[in-house]
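Observations on the model geometry
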Amino acid sequence: MTNSDLHWDIIGDVHGQLPLLLQLLKELGYEALGDHWRHSQCQAVFVGDVLDSGPQMGATLQLIQRMVQAGAARMVVGNHELELLAFLYRRGFTELAEADPEAVLECLLKSLVSDYIRLASDLSDQPEVLWQLLCWLQQQPLWIDEPELKVVHACWDTTALQTLQKAGVASLKPRVLQAWLAKEEPVYSALELLVCGCQQLDARRQKIRWWPDALADYAQLNLAEKQAPAALSSSSEPVFFGHYSLSYRSELTVISDWQVCTDFGAACGGPLVAYRHRRQQPINNRHFHGVFLPCC
Ligand SMILES: [Mn+2]
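This text gives an overview of the structure that appears in the document.

Conventions we followed
Residues numbered from 1 in each chain as written. Predicted model: local features only at pLDDT ≥ 70, side-chain atom pairs only at ≥ 80, totals over all residues. Heavy atoms only, no water. Donors = N, O, S within 2.8 Å, 3.2 Å for Na, K, Ca; no water. Helix = DSSP H or I, 4+ residues; strand = E, 2+ residues; numbered from the N terminus. Buried < 20%, exposed > 50% of the residue type's maximum accessible area, 1.4 Å probe, protein only. Salt bridge = Lys/Arg side-chain N within 4 Å of Asp/Glu carboxyl O. Phe/Tyr/Trp six-rings, centres within 6.5 Å; stacked < 30°, edge-to-face > 60°.

For the rest of this paragraph, the subject is the coordination of the manganese ion. The protein atoms that coordinate the manganese ion are Asp49 (OD), Asn79 (OD1), His153 (NE2) and His243 (ND1), at distances of 2.1 to 2.2 Å. When the donors of the manganese ion are listed by position in the chain, the intervening gaps give D-x29-N-x73-H-x89-H. Note that His153 is positioned in the loop between strand E7 (149–152) and helix H7 (158–166) and His243 in the loop between strand E11 (239–241) and strand E12 (259–261), a separation of 90 residues in sequence. There is no split in this pair, since His153 and His243 are both buried.

Bringing the pattern of salt bridges into the picture now. Scanning all chains against the criterion turns up nine salt bridges. In this structure, Arg276 and Asp9 form a salt bridge, with 2.7 Å as the shortest nitrogen-oxygen distance. Taken together, the positions of Arg276 in strand E13 (residues 272–277) and Asp9 in strand E1 (residues 7–11) put the pair 267 residues apart, joining distant regions of the chain. Take Arg276 and Asp9: they sit in the same class, and that class is buried. The partner of Asp115 in a salt bridge is Arg118, with the nearest N and O atoms 2.6 Å apart. Pair noted here: Asp115 and Arg118 are both in helix H5 (residues 114–122), with a separation of three residues, about one helical turn. Among the ionic contacts, a cluster of salt bridges with common partners joins Asp145, Lys150 and Glu237.

As a further point, take the packing of aromatic side chains. Geometry of an aromatic ring pair is reported as the spacing of the ring centres plus the angle between the planes. Scanning the model with the defined rule gives nine aromatic pairs in all. Measuring from ring centre to ring centre gives 4.6 Å for Trp210 and Phe241, while their planes differ by 50°; the resulting arrangement is tilted. Residue Trp210 is located in the loop between strand E9 (204–209) and strand E10 (224–225), and its partner Phe241 is located in strand E11; the two are separated by 31 residues in the primary sequence. For Trp210, a relative accessible area of 7% gives the class buried. Relative accessible area serves as the criterion here: at 0%, Phe241 is assigned to the buried category.

Written as structure tokens, this is what we have:
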């Protein structure tokens with residue numbers, strides 16, 4: 001099977017939950033091959049927020065990097081990756097690619113941010129590996145936009161996407177981090193929407209939803225309504241995203257026939273979820289697959 005025939009497994013926010021990720025990959029039919037996992041007919045697609053919260057951030061990130069580098073997976077970055085890279089930028093690592101790996105490790109270990117300390121501790125004896133993972137994250141795309149596969153971490157908004165394209169922004173390069181930190185428009189608001197799912201509403205930064213309130217299942221998220229409707233309609237191709245930590249009740253359900261959120265809160269006790277998207281196949285709840293941590 002060539003790359004152009006592969007189906008996709010869109011995997012929700014992993015947040016360092018390595019045991020769940022390995023269980024999910026196994027159940028989806030992935031096989032360990034050398035130092036990574038691969039499926040003969042599917043490519044894994046991570047929707048971002050692979051970091052923070054979970055017990056094994058370093059090993060999770062390494063596995064995902066190896067899968068991406070081997071062509072067995074792809075990823076887009078989430079707000080947790082953005083925040084980590086922006087944190088380093090603010091601490092003086094404006095050109096991460098030229099930074100001293102030992103100094104990067106030291107900075108994270110002394111950061112007072114427990115997630116960053118844990119990530120750095122995971123790889124404290126391999127500063128070069130940690131630094132190289134961070135540089136690699138900086139090169140990962142902000143979105144995937146293909147005829148049959150559209151993926152973003154939080155909110156698919158074609159206007160915001162075009163804004164970034166016009167500004168030559170496709171990944172978290174230093175000048176992009178700088179623009180986000182300095183709230184430089186129009187890049188800041190576009191990143192906020194796509195990666196953080198946030199807008200300035202009533203002079204406050206608010207997490208927004210971009211689907212109709214009528215979908216009662218998701219109303220309990222208590223999100224502000226997005227001001228301008230996403231420039232896509234129900235007839236458009238499906239869009240996959242994460243970020244919203246949907247509460248899992250008795251079943252995994254899609255938001256609409258073109259909006260599929262694969263984040264069901266694996267960071268806080270929910271299942272880690274994948275949606276298997278086969279080419280030409282309509283969106284259906286049946287294509288979800290979720291794994292839970294075993295109850296103690
Ligand atoms: Mn997120």
